[in-house]
Each structure stands twice: as structure tokens, then as C-alpha cells.
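Examining the three-dimensional arrangement
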Amino acid sequence: MTLDLETAARERGIKYFLVSYTDLFGTQRAKLVPAAAIKGTCKNGAGFAGFATWLDMSPADADLLAMPDPDGLIQLPWKPEVGWLPADLVMDGKPVEQGPRNILKRLIKDAARDGLQMKTGVECEFFLITPCGSEPADLADKQMKPCYDQSALMRRYDVITEICDAMLSLGWKPYQNDHEDANGQFEMNWDYDDALVTADRHAFFKYMTRSIAEKHGLRATFMPKPFMELTGSGCHAHVSVWRDGENIFADRSDEIGMSQAGYHFIGGLIHSADALAAITNPCVNSYKRINAPRTTSGATWAPNTVTYTGNNRTHMIRIPDGGRFEFRLADGAANPYLLQAGILAAGLDGMRNRRDPGKRLDINMYTDGHTVEGVKQLPLNMLDAMRALDRCDVLNDAFGAFVPSYLKLKQDEWNAYCRHLTQWERDNTLDC
């Protein structure tokens, strides 16, 4: 039963609703709607000029309407008089084909026709930096190997625990927080769920983290590679697929606990990985993470080849234990909805076409990858990834009108980067 927002506002003390959507570049757009007007907004939508955001629209287009999803309501823990609502995009009475949340919902319905539900969790890495963005904010965070540094973690106790307490109050079941492999870098984990729920929470988490960091005089960035000598920020996704309440990836008879359905899903990701990178690694800066030289900590922790393995973090796909795998390609700039949609589209193709993922490799790909012949490489830059996406029948068929719209905007981004290079890249990616 759909939540009645007027009733929820009265009962929860909500004065305003933030009706929010995420555009093609992952930027969150919103209108602030007083609770007294939310009934009309649910019926008619919140109006936007689509051309003013990254959606490949024209100033001559009709109003873009964001239709709030009441079931996605999240009350801001740090400002409880405001309720955040994810929205689906509509124009001229029809869903906007390139709307990221629309794409994911359509693919979820496609999977449901086969009785399948994808469940995922994401590991969001981010940096806490100075407001100007020039360096990590904690000037005492200088270790060469800073991962899990207890002192550096506790110096940011107030920020990290405020975010974690917020997730606890929202019922997300957060379970671990840590200082990551770069100076000033952190990761926070919460429980997995349905792909759409995870995407909504991922979008909100990025907004929440930035907002709480600002409260403390800091700036949070999910930029993939803000500092060239330090490890970049990934957004690893843990994936399983379910049917009738059972995890169909789990198989105790397999050496590492993965079923044939799971291997076929992985095979789909491997088949489309170079094209998928245009979505999961969506900016110029992304390729400085996956094609990075060794960092000060000793490893990039990012893949550069299209391979899978068991419990080994040097590959694109890791199977840490039975019934799930970790997709390690995506970075912090990934659009929360397109990340899930890309994984689902490629994985469904793998299952339906019984794609073979090839031989599992258990070697250290950072030191011994050169000893393996014929291994598929990831794109060297955004332009190569865009070209791969343009050629990819699997993702073009699954995403429809999104692909030409996305590629057009990405070509404009690439051209702007080529004109202005490093400063443009930093200015336009720190707040991704």
C-alpha cells in the first residue's frame, strides 16, 4: 500500500519534501515542496526545465515532471522537518526513456518476468577534504599505509558516527566503518537489499555524507582519483540474484560456492565490461583510477583487466564466498541507478545466453597479469569506453534511447576536458 504523504507529514513532523531525481551525470536535482502542497505534487509532479540539467533535452521541450515515489521517503536525520523523495521522470505523459531511475525500474520488471530479483549492496568510498578541495582535511593523516588507521579514524569520529547513527535511525543496518587505503579516505557499509532500494539509498547516502561533512566544516568527495599519488575511491557492488526467496547463485557443490546461473551472470559482465565501464566509470578522472600506477600505499586496489577470481582483490570480479560476487570496477562517480541497471542488464544477458566467463584466475593480477595471454583489457580512457558502449548491442538493446543521449553528453564532456584539461576535470568532478 502506497504511503500517504500528507498523513506521514502530520505524524512525523515533516514541513517540507525534497522531491529529487538524479540526472545522467549523477547530479541530484530537487525542488523543495511544502507539506501543504505535497498532495498536488504527487498528482501532477514537480516541474523542471529538462534542458537545465544533464538529460540531453532542448529549451523547447515541454515541462519535465518529477513524480515522487512515496515508498522511497527518507526523513533527513540531521534535519527531520524535511523528507527526501526519489522521483521518476515524466514528459508529455510518458516516462522519460533516459531517466536513470526509470531505466533501472524497467530492467527490474524485465528480470521479474523471469521470476528474478537482483539484490545488491554497495561499498561507498569517499574522501574528507578541505573546503577548497586541495588536500585531505586531516593534516595529521600522513601514514604511507593508512588503511584501517585507528587514530585517523577516531579523529573523524564525530563525522563518521553522525553518518552511521543516521543510517541506524533509518533502518539501513550499517555494520562497519573504516579508514580506507588513502590518506583522508573512508568507507561505510550497510546491509544489502533489492537493487532499487540500494540505488535510492546510495543516492541519498552521497547527499547525506556531503551535508554532514559540511556541518563539520569539511567537504566530502566521491571523485574517483582526487589525488594522483593516493588510492582512488571505488564503489564496489556485491551482487546476488533471487527467485521465490532463494538465492540462485548459491551452490554448495561448487568449489567456491557459485552456481551455474551465477557464472553465467558473471559471464555477461565480462562480455560487456568494456562498454559497461562507460557507465560504471563515467568521467575522465575514472580512468586515472583503473589505469593508475602504484600508489604510496603499494597498490591501487582497482582492476585493469576483465577477469574473475575467488577471494582475491586484484581482479574485476571477486567471489569472496558462496552465493554472491563483488563487482570491483565501479568508482565513486557512478550514477547510483545506472550502476545497478548496468550490472543487471549485462548479467541478465549472461544468464539468458548462458555466457561462459572463462577460466577463473587466482593469480595476483598486479604482479603476474602479464603472464596470462589473451586477457581482455579495460578501456584506457573515457573516449575508448564511450566507443565500446556505442558498439555494444547488449547495452544498447537494454538501455534504449539512453545510450545516444548519454554518449552525446559525454562527447561534450570529453571535448571540454580536451580544451581545458586538468582544472576543468577537477572542478567538474569533485562534487560528482
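This text follows the structure it describes.
Before going into details, it helps to say that this report is about the structure given with it. Keep in mind the model is a prediction, meaning the values are calculated, not measured.

**Describing empty space enclosed by the protein**
Summed over the entire model, instances satisfying the criterion amount to three cavities of 30 Å³ or more. In this structure, the largest cavity spans a volume of roughly 50 Å³. Forming the walls of the largest cavity are Tyr-21, Thr-22, Ala-87, Asp-88, Leu-89, Gly-99, Pro-100, Arg-101, Asn-102 and Tyr-337. Broken down by secondary-structure element, the contributors of at least two residues to the lining of the largest cavity are β1 (16-22), β6 (82-91) and α3 (100-112). Tallied by class, the residues present in the lining of the largest cavity amount to five nonpolar, three polar and two charged.

**Examining helix α5 (residues 157-170)**
With 14 residues, α5 should reach 20 Å at 1.5 Å per residue; the first-to-last C-alpha distance of 20 Å fits that figure. Every buried residue of α5 is listed here: Val-159, Ile-160, Ile-163, Cys-164, Ala-166 and Met-167. With its buried residues spanning 150 degrees around the axis, α5 presents them on a single face. Facing away from the buried side of α5, by more than 90 degrees, are the exposed residues Asp-158, Leu-168 and Ser-169. The elements touched by buried residues of α5 are β8 (117-129), β9 (174-179), β10 (185-190) and α6 (195-215). Residue Gly-171 follows α5 closely and has a positive phi angle near 80 degrees.

**What about the pattern of salt bridges?**
Throughout the structure, instances matching the rule amount to 22 salt bridges. In this structure, Arg-352 and Asp-114 form a salt bridge, with 2.9 Å as the shortest nitrogen-oxygen distance. One end of the pair, Arg-352, is in helix α10 (residues 336-352); the other, Asp-114, is in the loop between α3 and β8, and 238 residues separate them in sequence. With a shortest N-O distance of 2.7 Å, Arg-155 and Asp-138 are connected by a salt bridge. Taken together, the residues Arg-155 in helix α4 (residues 150-155) and Asp-138 in the loop between β8 and α4 connect sequence positions 17 residues apart. In this structure Asp-138 comes out as buried when scored by relative accessible area, which is 10%.

Conventions used here
Residues numbered from 1 in each chain as written. Predicted model: local features only at pLDDT ≥ 70, side-chain atom pairs only at ≥ 80, totals over all residues. Heavy atoms only, no water. 1 Å grid on protein atoms, 1.4 Å probe; cavity = no way out; pocket = protein on both sides within 12 Å on 5 of 7 lines; lining within 4 Å. Points joined across faces, edges and corners; volume = space filled by probe spheres on them. Helix = DSSP H or I, 4+ residues; strand = E, 2+ residues; numbered from the N terminus. Nonpolar A, V, L, I, M, F, W, Y, C, P; charged D, E, K, R; others polar. Expected span 1.5 Å × (residues − 1). Buried < 20%, exposed > 50% of the residue type's maximum accessible area, 1.4 Å probe, protein only. Arc of directions from axis to C-beta. Contact = heavy atoms within 4.5 Å. Salt bridge = Lys/Arg side-chain N within 4 Å of Asp/Glu carboxyl O.

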